[in-house]
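Structure assessment
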Amino acid sequence: MRNLKFADGASVPVVGQGTWHMGENPAERSNEVAALQLGIELGMTLIDTAEMYGEGGAEEVVGEAIRNRRDQVFLVSKVYPHNASRKGVPEACERSLRRLGTECLDLYLLHWRGQYPLAETVEAFERLKDAGKIRRWGVSNLDLDDMRELDAPDCAVNQVLYNPQERGIEFDLLPWCQAQGMPVMAYCPIGQGGDLLRHPTMLEVAQRHNAEPAQIALAWALRQPNVLVIPKSSNPAHLRANASAAELTLHADDLALLDKAFPPPSRPRPLQMV
């Protein structure tokens, strides 16, 4: 598995694991725990979750999955915007830590921008860092204007929607983050609902490489410097495919074909989020 380094030298795999929609159905819990554990064994040791997912249910699933193997995992969670106040952030963090069964998060993100000033949220993050509750902090779903307003060299990452169907960040936000040396964490990197994976061009490129369309989508995102992806899956075969996508290299003619099917942005676009 290829790795990517944060500004402070921390090294993480370029393919991690997402957990959106985990923890919503108790009947699926054992499968979800087993999937996360298999992902860890396959080298996808970055696990991304949030207090929003299953209203804490996903964090509980992650907590069960990483019990007795916390030191193998780079753990990421996110705080709701309505909890992103000076008082709300530490309280939300404590709840997340309790559900995850750990004393410290490797990375804590603002899930999206809300009513509280960014400076207030950052102040709360820095206090959590000083207290040893989090090792680093970052943001999610912040566009270029937000990032410029944030103006924080200590921001470790921006987690945003990015896949062949959603390329708006390539015009300005992604180049800006790359110039700052700030990794971009791509969520929904294989799209939603399967439309992207059924697209004739995705199928054609996948056939060329004897690969799955999801692997092509992941390799496509990973062609960019300083980008990592967090696909979610509870299917063992899909997990194995996701893990091996980091070794797949798309050729110039593959990329040209994908550009034709999914044109890159020619002007600024509002940041898309789901």
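Preceding block: the structure.
Residues numbered from 1 in each chain as written. Predicted model: local features only at pLDDT ≥ 70, side-chain atom pairs only at ≥ 80, totals over all residues. Heavy atoms only, no water.

Strands sit in the order β3-β4-β5-β6-β7-β8-β9 across an open sheet of 7 strands; the sheet is parallel. Strand pairing shows two members of the sheet lacking a second neighbour, β3 (46–48) and β9 (227–229), which therefore form its edges. Within the sheet, the average angular offset between the axes of one strand and its neighbour, ignoring direction, is 25 degrees. With 3 bridges joining them, strand β5 (residues 107–110) and strand β6 (residues 137–140) adopt parallel strand pairing. Looking across to β6, one finds that L110 is bridged to V139. Across the sheet, helix α4 (residues 118–130) lies against β4 (74–79), β5 and β6, angled at about 165 degrees from β5, the strand it touches most. (Pairing = 2+ DSSP bridges. Helix = DSSP H or I, 4+ residues; strand = E, 2+ residues; numbered from the N terminus. Axes fitted to C-alpha atoms, helices over the stretch in contact; angles between N-to-C directions. Contact = heavy atoms within 4.5 Å.)

A separate point is the pairing of strand β7 (residues 155–161). In terms of residue burial, β7 counts as a mostly covered element, since 7 of its 7 residues are buried. Pairing analysis gives 3 bridges linking β6 to β7, with the strands arranged parallel. By the bridge assignment, S140 is partnered in β7 with Q159. In this view, the connection linking β6 to its parallel neighbour β7 by way of helix α5 (residues 144–150) has right-handed handedness. Where β7 meets strand β8 (residues 184–187), 4 bridges bridge the pair, whose relative direction is parallel. Directly across from L161, in β8, lies its bridge partner Y187. (Buried < 20%, exposed > 50% of the residue type's maximum accessible area, 1.4 Å probe, protein only. Right-handed = clockwise from strand over helix to strand, strands pointing away.)

Turning our attention to the side chain of S140. Among the secondary structure elements, S140 is positioned in strand β6. Look at S140 and you get buried, because its relative accessible area is 0%. Within the local environment of S140, its side chain forms a polar contact with the backbone oxygen of H111, the two atoms lying 3.4 Å apart. At 3.3 Å, the side chain of S140 forms a polar contact with the side chain of N141. Sequence-distant contacts of S140, defined by excluding residues within four places in its chain, comprise K78, L110, H111, W112, N158, Q159 and Y187. (Polar contact = N/O pair within 3.5 Å; in protein donor to acceptor, adjacent residues only side chain to side chain.)

For the structure shown, the criterion picks out 22 salt bridges. Among the charged side chains, a salt-bridge network with shared partners connects R86, E120, E123 and R127. (Salt bridge = Lys/Arg side-chain N within 4 Å of Asp/Glu carboxyl O.)

Overall, the coordinates contain 5 aromatic pairs when judged by the stated rule. When the ring of Y80 is compared with that of W112, the centres are 6.3 Å apart and the planes differ by 85 degrees; the resulting orientation is edge-to-face. You can see Y80 sitting in the loop between β4 and α3 (88–100) and its partner W112 sitting in the loop between β5 and α4, a full 32 residues away along the chain. For Y80, a relative accessible area of 11% puts it in the buried group. Taken together, a centroid distance of 4.9 Å and an interplanar angle of 40 degrees make the contact between Y162 and W220 tilted. Of this pair, Y162 sits in the loop between β7 and α6 (173–180) while W220 sits in helix α9 (residues 213–222), and the two are 58 residues apart along the sequence. Exposure class is identical for Y162 and W220. Each is buried. (Phe/Tyr/Trp six-rings, centres within 6.5 Å; stacked < 30°, edge-to-face > 60°.)

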